[in-house]
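This is what each chain is made of:
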Amino acid sequence: MLPRDLSVAAELLLLLVCVQRLQGSALPAVSSYEFRAYRMQQFNLVQRKHGCRGAIVVAEARSADEPVLTRRCVIMKVLDFTTEKYLQAQKQSAAAILILLPKNISGIPHDTVQSFMVSESEALLKETLMPVYVVPEDKQLLYMYEEVKQAAATRTSSIFVRVLRSMVTATAFQILVSNNVPIKGITDNIITTLEGVLPGAGEDVPTVVIAAHYDSYGLAPWLSYGADSNGSGVTILLELARLFQKLFSNPSTRPPYHLMFSLTGGGKYNFLGTKRWIEDNLDHAESSLLHDNVAFVLCLDTLANSDELYMHVSRPPKHDTPMQSFIRQLEEVVSSRFPWVKVGLVHKKINLVESTVAWEHERYSLRRIPSFTLSRLEDPKSELRGSILDTMSQVDYRKMKRNGLIIAEALARYMYNLSDKISPKDVQIFKGQLDFHDSRMSSLMSFLTSVPRATQLLDKEPSHILLVNSLEHEFKRYLQQVHRHAYRQDRRDPDITFFDQMNQPIVMYRVKPAAFDLFLGGCIAAYLGIVYYTIQNFDYLYTKLKAAVKSKHD
């Protein structure tokens, strides 16, 4: 019996060595990595649903290059996220999409940024049941991305190679977002609007209103910093308030105009803050500057780049009106001092059938207040108006300062009636002590982009509340009659409904694929079969082996 025992022991040792080699390359099944990801927008606006309705994910990670994505979590980089691949994942009923966002946005090629922004805006137009998450890149996530990318690349190999790699060498990643609490709607958001005034010389003088919305928008609220749209508009407005305060503080240089400044919330959601502020001033307030002689309202939107400026109007300004006079002044400033800048007038009628508006000035135009929006964008549906890639890398401080200077010079020339007296090239009002401060504009932009300014966050998180309080402090520093208006929605009939669970912990498990267990089980079964056959036929095998050895010696 001794030879039989030695044979069994040798075969057991061989099995252990094989299993050890198979498991040596595997990642431990219990190894995991937890990270925080941010869910795609989810909101209802004017009875239309937008964004993703799902949050729970229990699926294996796969590359977007895989031919089959059903019930898989698709891992994408910014470069991979296109409208075609997004719709393909939806069509195949993918379990989820996880987008890896690089920390250095400025390193992304311009074409890739534009492509992502277009896909991002199209994805937000409709709702989807498929959860979509965005997460900043790190080493662990990049390792997972490369692994699933390599696995997808093996599909060009033979079937045998693909199956063997999947069963023996491949590492699977399980993505888990488990939350037993259902997603709930939120209708108690407070939208804050700030207003302040620089009183002009005289009584019953006209009022010029400078307005901008301060909130941001993008694929994921927690990653929407809105540098250009509309941090640039807010920055220029605050610099205009500081500079004109110096002119208004001196009786000898105080113009015969009131200058009102307005920072509104809810701009990315049909300009709800502007709508409520106008209603309060025109329908409920006994006295308001909007009640009286309003020369025009100038809305600032997306002005941090480009050599193009577009004036968007709902109806062309009539001859000899204040708005037409200001536009002429602006064109003169540009042609005499910045001839390389293109200035255009874009006329877009308000469609009363539509329940949403494209620009902030349309809210004023609906109430027959002369108004227009100044922006570097010609198309109101431009993808640049709402993207998580709208960061400081999209800002050109030199061009933003130039745009602010154009507005300031044109506004001063209008209020001081300098159109027929002197050329803008001969007299420059805003220089020296009245110049735009580069350091201040940089500080304002850094502050505005220090936290995401999504509307659903601004009244919930302490750092976001501090941002609105700081804007109010800036108004009180330079303006008079500063008021803060906090608007709550009617819970029975809200204009907009947000949803919770926008900030989720995700666990990534590094495991062997299920096929590996089947492969290992097959190996064990085969081994046991060989052992059983060897034991049952040991005398026969021993005789054959002995005969073979004897014949070899002979």
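### Quick word on the packing of aromatic side chains
A complete count under the given rule lists 17 aromatic pairs for this structure. Relative to Phe-498, the ring of Tyr-269 lies with its centre 5.1 Å away and its plane at 85°, an arrangement referred to as edge-to-face. Of the two residues, Tyr-269 sits in the loop between strand S13 (258–264) and helix H7 (272–284) while Phe-498 sits in strand S19 (residues 496–499), which places them 229 residues apart along the sequence. When its relative accessible area of 1% is taken as the criterion, Tyr-269 is described as buried. A cation sits over an aromatic face here: Arg-53 above Phe-499, 5.1 Å from the ring centre. Taking the ring centre of Trp-359 as reference, the NZ or CZ of Arg-385 above it sits at 4.0 Å.

### Remarks on a nonpolar patch on the surface
Side chains of Tyr-533, Tyr-540 and Leu-541 sit close together on the surface and give an oily, nonpolar patch of about 310 Å² of accessible area. Position of Tyr-540 among the secondary structure elements: in helix H14 (residues 538–553).

### Description of the pattern of salt bridges
Using the criterion set out here, one finds 22 salt bridges in the structure. For the salt bridge of Lys-85 with Asp-65, the shortest nitrogen-to-oxygen distance reads 3.7 Å. Of the two residues, Lys-85 sits in helix H2 (residues 83–91) while Asp-65 sits in the loop between strand S4 (57–63) and strand S5 (72–77), which places them 20 residues apart along the sequence. For Lys-85, a relative accessible area of 26% corresponds to the partly exposed category. Asp-65 sits in the partly exposed class, given a relative accessible area of 25%.

### Examining the sheet that holds strand S16 (residues 342–347)
Taken in spatial order, the 8 strands of this open sheet run S16-S15-S17-S14-S12-S13-S11-S18, and their pairing is mixed. Of all the strands in the sheet, the pair left with one neighbour each is S16 and strand S18 (480–488). Each strand of the sheet is rotated relative to its neighbour by a mean of 20°, with strand direction disregarded. As judged from the 5 bridges shared by strand S12 (residues 207–213) and strand S14 (residues 294–300), these two strands associate in the parallel manner. Its bridge partner lying in S14, Val-209 is registered against Val-297. Lying over the sheet, helix H8 (residues 322–337) contacts S14, strand S15 (308–313), S16 and strand S17 (371–375), oriented at roughly 50° with respect to S14. Lying on the sheet, helix H10 (residues 397–415) is in contact with S12, S13, S14, S15 and S17; it crosses S14 at an angle near 175°.

Conventions and cut-offs
Residues numbered from 1 in each chain as written. Predicted model: local features only at pLDDT ≥ 70, side-chain atom pairs only at ≥ 80, totals over all residues. Heavy atoms only, no water. Phe/Tyr/Trp six-rings, centres within 6.5 Å; stacked < 30°, edge-to-face > 60°. Helix = DSSP H or I, 4+ residues; strand = E, 2+ residues; numbered from the N terminus. Buried < 20%, exposed > 50% of the residue type's maximum accessible area, 1.4 Å probe, protein only. Lys NZ or Arg CZ within 6 Å of the ring centre and 35° of its normal. Patch = residues over 30% accessible without salt bridge, like charges linked within 9 Å, V, L, I, M, F, W, Y side chains within 5 Å. Areas by Shrake-Rupley, 256 points an atom, 1.4 Å probe, with all protein chains shown as cover. Salt bridge = Lys/Arg side-chain N within 4 Å of Asp/Glu carboxyl O. Pairing = 2+ DSSP bridges. Axes fitted to C-alpha atoms, helices over the stretch in contact; angles between N-to-C directions. Contact = heavy atoms within 4.5 Å.

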